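Each chain is listed here by its residues.
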Protein chains: 2
Amino acid sequence: MTDYDKSKHIRNGGPVTLADIAKLAGVSPVTVSRAINTPALVKPHTLEAIEKVIARTGYVPNLLAGGLASRRTRLIAAIVPSVASTIFAETIEGLNAELVSAGYQLLLGLSGYDPGRELELTRAILARRPDGIILTGITHMKETRAMLTGASLPIVEIWDSTPSPLDTAVGFSHAAVGRLVAEHLLIRGYDRYAQVGANDPRAVQRRDGFVNRLKGIAEVELPELDMNSPSTFRDGRMAMAQLLDRGEGSLGVFCSSDVVAHGALAEAHARGCNMPGELAIIGFGDFDFAPHTHPPLTTVRIDRRDIGTKAARSILRKIAGDTSVEAMIDIDFHIVARGTA
Amino acid sequence: MTDYDKSKHIRNGGPVTLADIAKLAGVSPVTVSRAINTPALVKPHTLEAIEKVIARTGYVPNLLAGGLASRRTRLIAAIVPSVASTIFAETIEGLNAELVSAGYQLLLGLSGYDPGRELELTRAILARRPDGIILTGITHMKETRAMLTGASLPIVEIWDSTPSPLDTAVGFSHAAVGRLVAEHLLIRGYDRYAQVGANDPRAVQRRDGFVNRLKGIAEVELPELDMNSPSTFRDGRMAMAQLLDRGEGSLGVFCSSDVVAHGALAEAHARGCNMPGELAIIGFGDFDFAPHTHPPLTTVRIDRRDIGTKAARSILRKIAGDTSVEAMIDIDFHIVARGTA
DNA sequence: AGTTACAATGAAAGCGCTTTCATTTCTTCG
DNA sequence: CGAAGAAATGAAAGCGCTTTCATTGTAACT
């Protein structure tokens, strides 16, 4: 039997390597590699011996070395704007659950709604050679797009819809959401219409869809908020105060998120507005608290977790070589009519 | 000048490597490596030439190879129970911000409050040889502890306090939180006391601190919730209904999170309870909505983001070889008295 | 008994970097 | 102008795995 100890000097108590295991188990390194990755190819008796040594030594394979050699890292990267804003947190959870159960690990990047940071993150992430990458939205800097397509790996864009994704997209049309909300309000008929909220690309799409649907019917008021995305409870409250102060007549408001809507609602509640007769508020996201506001918030519901799940499945299929993954995977949305519209 | 093309065959359009850059720039691979990692060691003229080639080719270094060779991955792993539950999301944001600005990347693991999953995650994460690891809480399976100490890397445990951390801990005493809340309620004096909420290790500590402080003074009622951590709005509402149904007299309630408290509050509100005279509710976390409930929620405030920031700084210092990092870094907490207690 | 096939194992090369140590090329100064 | 020291660069080895191809052992069939 050959001696597999390639080390020039005695092991200095440093981390155990595959070669160490091989030596201790009296087999070659390849066999240990197979015992770990493709145990079916190893004779049960040998396998058992190797496993015993692994357990005894507490060996943890080095996936850097493994990834370098095999060109597969079992790493999936995801870039989202934020994780504190509820909206993406559940998508991440869905993503992660699906990835972990397939033996993959999630590498997370937070872009803070900043395309420049998205670019830097993309570079940093690509340097780790993930097997796939997930991005939020469909608007990226051209350098980002170039780098991504040059890396030739599966890409999934989430939370938006497009006929021409970089690779595959999982999401829905924000403009359609805006239109749907407009129609919901139109049926009831209000004297004035307004939209308040964030200015990230997707919120803007929703606003534009809303405004366009009302074009020729009503002017949409857009209170100015001196802030950047994402917007807050406070923003909603201030905007609503502004709206209520500067005009008469019944009012239908579309907020860019449930948080903003909640703020708007608080102001309306404080002023004793009659909802939804005199004032209607529609949020976006159907956050946990939405059913519990006073009155309960009418909002647009999206299965946020499902976006993560479907994104994970798509990317895993692509990694597995499945070329039949659809370019655009649509996610459902609908209005949950509660007390505010 | 030597020819640095080591490849036996012509490059097949695959990813550009450091050797390719070296060849195109007419220098050796080491020089390119230095141009990237320690540009100060390279003559400005050479540097410029190399940078030009890198830009032109869109070269992205392979950090797997780099990490394998240098034994530094610039990767920090963090394991938290969940990211959808608000409580940890901001910690992650703080962590990430600090790490990114130091050139590190965050590898995220979600344990779902399950020690077994924490163990698996630890193994999977260690296999990627992070430069440091951050864990939530101080209770881990003994296999996890063994694996961690065996890996000999900087460890930071967050969101709890202990005199004997694995390495360093950043957090606070949950028992002390429970005591503080008990004292806050005692000052006002209620006929009955109750605690409702989750059963994760930290929530249990808070409950025990609360119960112990009231020992000999009052029995603490603990409504049964047929659920696991984390608990929800619904749990809070049901528990409050139970409490209100089965007893008389004024009542002081400590909830394991603001979400639970919000639910409890909704039930109390619906029944027209007089707060805080007849009924007191104290939450935990000071979530965004806490100031905006009706009445506004009294709760325990912790700077969640700060935990992340401090954890990141500690681990970065450790990586830099600083041995003066304190074993226990305390995080402040205090009661924000609003309308419910 | 003699192929043939398959299962189990091994040898060697190499993934793309960084490290260490050696060499070359400048400066600087007596 | 030549020696000494510093600055800039390079050669070679190797990080810890997986891959490919070769070899050996074992069973199955004629």
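Residues numbered from 1 in each chain as written. Chains lettered and ligands numbered in written order. Predicted model: local features only at pLDDT ≥ 70, side-chain atom pairs only at ≥ 80, totals over all residues. Heavy atoms only, no water.

(A) Local environment of the packing of aromatic side chains. Going through the model one piece at a time under the given rule, you end up with 14 aromatic pairs over all chains. Ring geometry for F172(A) against F333(A): centres 5.7 Å apart, planes inclined by 55°, an arrangement best described as tilted. Of the two residues, F172(A) is situated in the loop between β5 (168-171) and α8 (174-188) and F333(A) in strand β12 (residues 333-336); the sequence distance between them amounts to 161 residues. For F333(A), a relative accessible area of 21% puts it in the partly exposed group. Ring pairing ties together the aromatic residues F88(A), W159(A), F172(A), F284(A) and F333(A), which thus form one cluster. Just above the ring of F284(B) sits the side chain of R206(B); from NZ or CZ to the centre is 3.8 Å. (Phe/Tyr/Trp six-rings, centres within 6.5 Å; stacked < 30°, edge-to-face > 60°. Helix = DSSP H or I, 4+ residues; strand = E, 2+ residues; numbered from the N terminus. Buried < 20%, exposed > 50% of the residue type's maximum accessible area, 1.4 Å probe, protein only. Lys NZ or Arg CZ within 6 Å of the ring centre and 35° of its normal.)

(B) Molecular detail of the protein's contact with DNA strand D. In the vicinity of DNA strand D, 26 residues are found, and the nearest of them are L18(A), S33(A), Y59(A), T31(B) and T46(B). Among all atoms of DNA strand D positioned within 4 Å of the protein, those belonging to sugar or phosphate total 72%. Y59(A) is positioned with one of its side-chain polar atoms (N or O) 2.6 Å from a phosphate oxygen of DNA strand D. Residue T46(B) places a side-chain N or O atom 2.5 Å away from a phosphate oxygen belonging to DNA strand D. Breaking the surface near DNA strand D down by element, the ones donating at least two residues are α2 (29-37) and α4 (63-70) of chain A together with α2 (29-37) and α4 (63-70) of chain B. Ranked by residues supplied to the surface near DNA strand D, first place goes to α4(A) with four residues. By residue class, the composition of the surface near DNA strand D is 12 nonpolar, 10 polar and four charged. (Near = heavy atom within 4 Å. Polar contact = N/O pair within 3.5 Å; in protein donor to acceptor, adjacent residues only side chain to side chain. Nonpolar A, V, L, I, M, F, W, Y, C, P; charged D, E, K, R; others polar.)

(C) Summary view of the relation of the copies chain A and chain B. Screw-axis analysis of chain A against chain B gives a translation of 0.0 Å along the axis, an RMSD of 0.1 Å, and a rotation angle of 180°. The operation mapping one copy onto its partner corresponds to a two-fold rotation axis. Interface overlap between copies is the fraction of interface residues in one copy that are interface residues in the other; for chain A against chain B it reaches 100%, indicating a shared surface. (Least-squares fit on C-alpha atoms with pLDDT ≥ 70 in both. Contact = heavy atoms within 4.5 Å.)

(D) Geometry of the interface of chain A and chain B. Across the boundary between the two partners, chain A contributes 38 residues, which contact 38 residues of chain B. Carbon and sulfur atoms make up 64% of the area that chain A and chain B hide from each other, which totals about 3,900 Å². Per-residue buried area on chain A facing chain B is highest for L64(A), Q105(A) and R128(A); these three make up 19% of the total on that side. In this assembly, chain A and chain B are joined by zero salt bridges. Joining chain A to chain B, the criterion identifies 18 residue pairs in polar contact (both at pLDDT 80 or more). Taken together, the residues that form the side of chain A that touches chain B break down as 22 nonpolar, 10 polar and six charged. (Buried area = accessible area lost by both parts, 1.4 Å probe. Salt bridge = Lys/Arg side-chain N within 4 Å of Asp/Glu carboxyl O.)

(E) Region of the structure containing the packing of helix α10 (residues 233-245) of chain A against helix α11 (residues 258-270) of chain A. Residue and element names in this part refer to chain A. Relative orientation of the contacting elements α10 and α11 amounts to 45°, with a least axis distance of 6 Å. Overall, the two elements α10 and α11 adopt an arrangement that is oblique. Seen from above, α10 lies across α11 with right-handed handedness. Each of F233, G236, R237, M240 and A241 in α10 lies in contact with α11, whose residues at this interface are V259, V260, H262, G263, A264, A266, E267, A268 and A270. (Axes fitted to C-alpha atoms, helices over the stretch in contact; angles between N-to-C directions. Parallel < 35°, antiparallel > 145°, perpendicular 65-115°, else oblique. Left-handed = near helix turned anticlockwise from the far one by under 90°.)

(F) Representation of the environment of T17(B) within the structure. Residue and element names in this part refer to chain B. Within the secondary structure, T17 sits in the segment before α1 (18-25). For T17, a relative accessible area of 28% gives the class partly exposed. Sequence separation between T17 and P29 is 12 residues; the distance between their C-alpha atoms is 9.6 Å.

(G) Quick look at the sheet that holds strand β6 (residues 192-196) of chain B. All names here are of chain B. Reading across the sheet, the six strands line up as β7-β6-β8-β9-β10-β12 and stay open at both edges, with mixed pairing between neighbours. Since the sheet does not close on itself, it has two edges, and those belong to β7 (220-221) and β12 (333-336), each with one partner. Alignment of β6 against strand β8 (residues 251-255), held across five bridges, turns out to be parallel. Residue pairing across strands places A194 opposite V253, the latter belonging to β8. (Pairing = 2+ DSSP bridges.)

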